[in-house]
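Spelled out from the first residue to the last, the chains are:
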Amino acid sequence: MELPLDYTTLRLIWWGLLGVLLIGFALTDGFDMGVGALLPFVAKKDEERRMVINTIGATWEGNQVWLIVGGAAIFAAWPQVYAVSFSGFYLAMFLVLSALILRPVSFKYRSKRPEARWRSMWDWGLFIGSFFPALVFGVAVGNVLIGAPFRLTSDLRSFYEGGLLGLFTPFTLLCGLLSVSMLVLHGAAWLAIKGEEGPVLKRARAIGTAAGVASLVLFAIGGAIVAFGDMGFRITGVVDTAGASNPLRTAVEAAPGAWMDNYGRYPWMIIAPVLGFAGAAVGLLGMWRKSAALAFGGSSASAVGIISTVGLSMFPFILPSSIDAQSSLTVWNASSSHTTLFIMLVTTVVFLPFVLLYTSWVYKVLWGRSTMDALKTNPDLY
């Protein structure tokens, strides 16, 4: 049976959907992590910390679903990418998962006992469970840009030749700090929307302003390194966009500065980095003018722009290899079969609108500011 969408189109659609899922995770669970990273510094008293926690307490569990769906999408649409990345980065992912497990435990246990030491311990657990994943996710993106140390054998078995400490280089740590600053700005903007006006928001705006400036500076430095440094990959042979998935049939070479090639071919892509810079600037303006809408809109736009810049710069690469360029995985050579991609797309088209409608309904029902007065009257709050 001939499918209504050709293989090339389906591969492009799923590449776009993967980007949408990653952006959705950054926009939703991103402000959760930003608020968690801010918690010990913006809230000094227990009542203040409870108020901050309750700004994300009603939605953090649902927001984490974006991460799960993103991982599932990689597994189903790009199995070779899933196999290489999840096995090669196993220890780093184990640490991230440990931190993500610590976060819900901290939510649930911090108010079980009234002792200050007990609650402080779980507050720092919430900080670690928010800050560390934000850092490592950025480090992971940095490693994707420079290439992962893996190779494929003739029968497409992958061998990873790196280690945990090798993931943390000056450039990847810069990417990690950019990720943290981006999400801290986003978290501060969320507090401006959901938090009670007072000392907490004053501190959040101050830290959010610093995070916004850091985002602008780090994004600019990272862009300069990518443009003028020694990283980048380029396909040198003929590309069969509808061919069978086999990375070893693609001719690839390491080419410093090649991540800038797409901006020459498709000038419209410059929208992404411009949005990254402009969004952070608007977020800073919102912090300065005490406008929650400007701050949150700007931080959201900045996250979309920064993440899109990486994806568009690398296209069609998804995971290049730093030790064997021929093994690099791209949109065209590492996807699932034509039929699999089509069946998954139909499933997504049917069910994704229900997920989005339900999520929108939850936010509508649970909308409103978190106040310290509510802590005295609402037994359901953290």
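Worth saying up front: this structure is predicted, and the values here are computed from it rather than measured. (Residues numbered from 1 in each chain as written. Predicted model: local features only at pLDDT ≥ 70, side-chain atom pairs only at ≥ 80, totals over all residues. Heavy atoms only, no water.)

Before going further, it helps to examine the packing of aromatic side chains. One pass over the structure, following the stated rule, counts 23 aromatic pairs. A centroid spacing of 5.7 Å and a plane angle of 80 degrees characterise the contact between Phe41 and Phe127, whose relative ring orientation is edge-to-face. In this pair, Phe41 is assigned in helix H1 (residues 7-42) and Phe127 in helix H7 (residues 116-146), connecting sequence segments 86 residues apart. Phe41 sits in the partly exposed class, given a relative accessible area of 38%. Ring centres of Trp190 and Tyr363 lie 6.4 Å apart, and the angle between their planes is 85 degrees; this geometry places the pair in the edge-to-face category. Taken as a pair, Trp190 in helix H8 (residues 170-194) and Tyr363 in helix H13 (residues 338-365) lie far apart in primary sequence, 173 residues in all. Of the two residues, Trp190 and Tyr363, neither departs from the other in class, the shared state being buried. Each residue in the set Phe31, Trp190, Phe296, Tyr363 and Trp367 is aromatic and connected to the rest through ring pairs, giving one cluster. Here the guanidinium or amino end of Arg11 rests over the ring plane of Tyr7, the centre of that ring lying 3.7 Å away. Over the ring of Trp118 we find Arg113; its NZ or CZ atom is 4.7 Å from the centre of that ring. (Phe/Tyr/Trp six-rings, centres within 6.5 Å; stacked < 30°, edge-to-face > 60°. Helix = DSSP H or I, 4+ residues; strand = E, 2+ residues; numbered from the N terminus. Buried < 20%, exposed > 50% of the residue type's maximum accessible area, 1.4 Å probe, protein only. Lys NZ or Arg CZ within 6 Å of the ring centre and 35° of its normal.)

Helix length check: H8, at 25 residues, gives a terminal C-alpha distance of 36 Å against a target of 36 Å (1.5 Å per residue), a fit within 8%. With 22 of 25 residues buried, H8 is to be regarded as a mostly interior element. (Expected span 1.5 Å × (residues − 1).)

Glancing now at H1. Its 36 residues give H1 an end-to-end C-alpha distance of 50 Å, which sits within 8% of 52 Å, the value for a rise of 1.5 Å per residue. Of all the bends found along H1, the most pronounced is centred on Asp29 and spans about 40 degrees. Taking burial as the measure, the 36 residues of H1 include 26 buried ones, the bulk of the element. (Bend = angle between axes of the 7 residues up to and from the residue.)

So, on to empty space enclosed by the protein. Counted under the stated rule, the structure contains one cavity of 30 Å³ or more. Considering only enclosed or pocket space, the largest cavity measures out at about 30 Å³ in volume. What lines the largest cavity is Met33, Gly34, Ala37, Ser130, Phe131, Ala134, Val180, Leu183 and Val184. Partitioning the lining of the largest cavity into residue classes produces seven nonpolar, two polar and no charged. (1 Å grid on protein atoms, 1.4 Å probe; cavity = no way out; pocket = protein on both sides within 12 Å on 5 of 7 lines; lining within 4 Å. Points joined across faces, edges and corners; volume = space filled by probe spheres on them. Nonpolar A, V, L, I, M, F, W, Y, C, P; charged D, E, K, R; others polar.)

Before going further, it helps to examine the UniProt feature "transmembrane region" (unreviewed entry) in the protein. Under the feature "transmembrane region" (unreviewed entry), the UniProt entry names residues 12-43, 88-105, 126-148, 168-193, 205-228, 266-288, 300-319 and 339-363. Taken as a whole, residues 205-228 contains 100% helix and 0% strand, while its terminal C-alpha atoms sit 34 Å from one another. For residues 300-319, the helix share is 75%, the strand share is 15%, and the end-to-end C-alpha distance is 26 Å. (UniProt positions renumbered as here; feature names shortened; annotations may be inferred.)

Moving on, we come to the nonpolar core. Buried together is how nonpolar side chains tend to be arranged in soluble globular proteins. Counting residues in hydrophobic clusters, the biggest one holds 91 residues, and the most contacted among them are Trp14, Val42, Val52, Trp78, Leu191, Trp259 and Leu329. In terms of residues, this core owes the most to one element, H8, which gives 15 residues. The contact partners of Trp78, leaving out residues within four places of it in the chain, are Arg11, Trp14, Trp15, Leu18, Ala73, Ile318, Thr330, Val331, Ala334, Ser335 and Ser336. (Core = buried A, V, L, I, M, F, W, Y, C linked by side-chain atoms within 4.5 Å. Contact = heavy atoms within 4.5 Å.)

In total, this model carries twelve salt bridges according to the counting rule given. A salt bridge links Arg110 to Asp123; the shortest N-O distance between them is 2.8 Å. In this pair, Arg110 is assigned in the loop between helix H6 (90-109) and H7 and Asp123 in helix H7, connecting sequence segments 13 residues apart. For the pair shown, Arg110 and Asp123 are each scored as buried. In this structure, the salt-bridge partner of Asp261 is Arg234, at a minimum N-O distance of 2.8 Å. Taken together, the residues Asp261 in helix H10 (residues 261-265) and Arg234 in strand S3 (residues 233-235) connect sequence positions 27 residues apart. Residues joined in a network through salt bridges with shared partners are Asp46, Arg49, Arg110, Arg119 and Asp123. (Salt bridge = Lys/Arg side-chain N within 4 Å of Asp/Glu carboxyl O.)

All right, on to the layout of surface pockets then. The space that makes up the second largest pocket amounts to roughly 710 Å³. Taken together, 26 residues make up the lining of the second largest pocket; nearest its centre are Val65, Trp66, Val69, Leu352 and Val355. Among the secondary structure elements, those contributing two or more residues to the lining of the second largest pocket are H1, helix H3 (60-63), helix H4 (65-77) and H13. Ranked by residue count, the leading element in the lining of the second largest pocket is H13, at eleven residues. Here the lining of the second largest pocket is composed, by residue class, of 20 nonpolar, six polar and no charged.

Turning next to a nonpolar patch on the surface. A surface patch of nonpolar side chains, about 520 Å² in accessible area, is lined by Tyr266, Trp268, Ile270, Ile271 and Val274. With respect to the helices, strands and loops of the structure, Trp268 is situated in the loop between H10 and helix H11 (271-289). Overall, the relative accessible area of 52% leaves Trp268 in the exposed class. (Patch = residues over 30% accessible without salt bridge, like charges linked within 9 Å, V, L, I, M, F, W, Y side chains within 5 Å. Areas by Shrake-Rupley, 256 points an atom, 1.4 Å probe, with all protein chains shown as cover.)

What follows deals with the side chain of Asn54. When you line up the elements, Asn54 lands in helix H2 (residues 46-56). Here the side chain of Asn54 touches Arg50 through a polar contact of 2.7 Å, landing on its backbone oxygen. Each residue touching Asn54, except ones within four places of it in the same chain, is listed here: Ser370, Leu375, Leu381 and Tyr382. (Polar contact = N/O pair within 3.5 Å; in protein donor to acceptor, adjacent residues only side chain to side chain.)

So, on to the packing of H1 against H4. Remark: H1 packs on H4, axes separated minimally by 9 Å, with the N-to-C direction vectors making an angle of 160 degrees. Classified by the angle between their axes, H1 and H4 sit roughly antiparallel to one another. In the crossing of H1 with H4, the sense of the turn from one axis to the other is left-handed. Along its contact with H1, which presents Trp14, Leu18, Val20, Leu21, Gly24, Phe25 and Thr28, the element H4 presents Trp66, Leu67, Val69, Gly70, Ala73, Ile74 and Ala77. (Axes fitted to C-alpha atoms, helices over the stretch in contact; angles between N-to-C directions. Parallel < 35°, antiparallel > 145°, perpendicular 65-115°, else oblique. Left-handed = near helix turned anticlockwise from the far one by under 90°.)

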